[in-house]
Amino acid sequence: MYTERERDEVFNYLADKFSQRKDVLAVIQVGSGAIGYRDKYSDLDFAIIVDDTDINDIFKKTQEDVNNKYNVFFFDNMEERRLQLFLLDNYLELDIGYYTLNTLYARRENFKVVFDKTNQVEDLMKKSWLEIKEKNKGTTQEVNMKDVISFVDNELWYNVLHSVVAFNRKNKYRCYYELEQIKWYAMDLIAKRNNKESKRYRSIIELDKNELHKIDGLFIYPNNYDELSNYLNKALEIIFEEFNYWKDKDNISYIGNIDFYKNFIEQNK
């Protein structure tokens, strides 16, 4: 496993190499490293601002710089995403995304400009974050909450129904699958209200303690029907509380009725 010192050495090496390249206009550190690494497991994430050089040539140059210095266990060039991924033999991961000034925007609030030959990058990042943070709800793409609510509203009955049926058929694995979907709805809705990223539960830990207290119980699966009933009722209360938040805030309507769900759960004990 790489050490923090080795990670710093890789960072400094790459920053120096990028600074010497004519096709690179600026380098931004993103991810946890932008605010002081979360811990010794944090990897390196870069956003590289380049000119209009062909992306294949840019990929090739970066690959040469990395390979000339380090042993690479795995790498991937994702041209369509303008992204390179390197995994070094000490398990340090390098994620390097490429942008032009015209396509640059902040995916997260925190970033650190390593160098900038244009003197425009910091302002562009701050401006773009202010424009998209509310629209994106902590994600990298604009979120339409009406669509999110509609999807959960349409799918929820299916998941509740089949979790109960599966449990009563003593198929706990199918039941737990349905509960996982229900848990995801609750987690995602809470995250979006708080403008936190829900993908892989990446930013859930950043929620305040009251929000975390709500969802902690959803990570303990039930062993009997009373526990299943309590699990489902708690999850439903969270989901419908979120539904009502968006109904009050943005007048987003929904069809589901929490009493209908709770009655079904009670009647199938």
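Refer to the structure above for everything that follows.
Because the structure is a prediction, the values reported are computed rather than measured.

Conventions adopted
- Residues numbered from 1 in each chain as written.
- Predicted model: local features only at pLDDT ≥ 70, side-chain atom pairs only at ≥ 80, totals over all residues.
- Heavy atoms only, no water.
- Core = buried A, V, L, I, M, F, W, Y, C linked by side-chain atoms within 4.5 Å.
- Buried < 20%, exposed > 50% of the residue type's maximum accessible area, 1.4 Å probe, protein only.
- Helix = DSSP H or I, 4+ residues; strand = E, 2+ residues; numbered from the N terminus.
- Contact = heavy atoms within 4.5 Å.
- Axes fitted to C-alpha atoms, helices over the stretch in contact; angles between N-to-C directions.
- Parallel < 35°, antiparallel > 145°, perpendicular 65-115°, else oblique.
- Left-handed = near helix turned anticlockwise from the far one by under 90°.
- Nonpolar A, V, L, I, M, F, W, Y, C, P; charged D, E, K, R; others polar.

So, about the nonpolar core. Formed by 40 residues in total, the largest nonpolar core has its most connected members in Met145, Leu156, Val160, Leu179, Ile182 and Ile239. Secondary-structure elements contributing two or more residues to this core are helix 4 (145-168), helix 5 (172-193), helix 6 (209-216), helix 7 (225-250) and helix 8 (258-267). Residue contributions to this core peak at 11 residues, all from helix 7. Apart from residues lying up to four places away in sequence, valine 160 is in contact with Ile182, Leu236, Tyr261, Phe264 and Ile265. One finds Phe11, Val66, Tyr70 and Leu88 within the second-largest nonpolar core, a separate group that totals 24 residues.

In this section: the environment of valine 27. Secondary-structure assignment places valine 27 in strand 1 (residues 24-30). Taking the relative accessible area as the measure of exposure, valine 27 reaches 0% and is therefore buried. Setting aside chain neighbours within four positions, we find valine 27 in contact with Phe18, Phe46, Ala47, Ile48, Lys112, Val113, Val114 and Phe115.

Interaxial distance between helix 4 and helix 5 falls to 8 Å at its minimum, and their mutual angle equals 155°. Between helix 4 and helix 5, the angle is such that the two are roughly antiparallel. Our pair here, helix 4 against helix 5, has a crossing hand that is left-handed. Considered class by class, the residues forming the contact of helix 4 with helix 5 number 15 nonpolar, 4 polar and 5 charged.

Keep in mind these values describe shape, not function.
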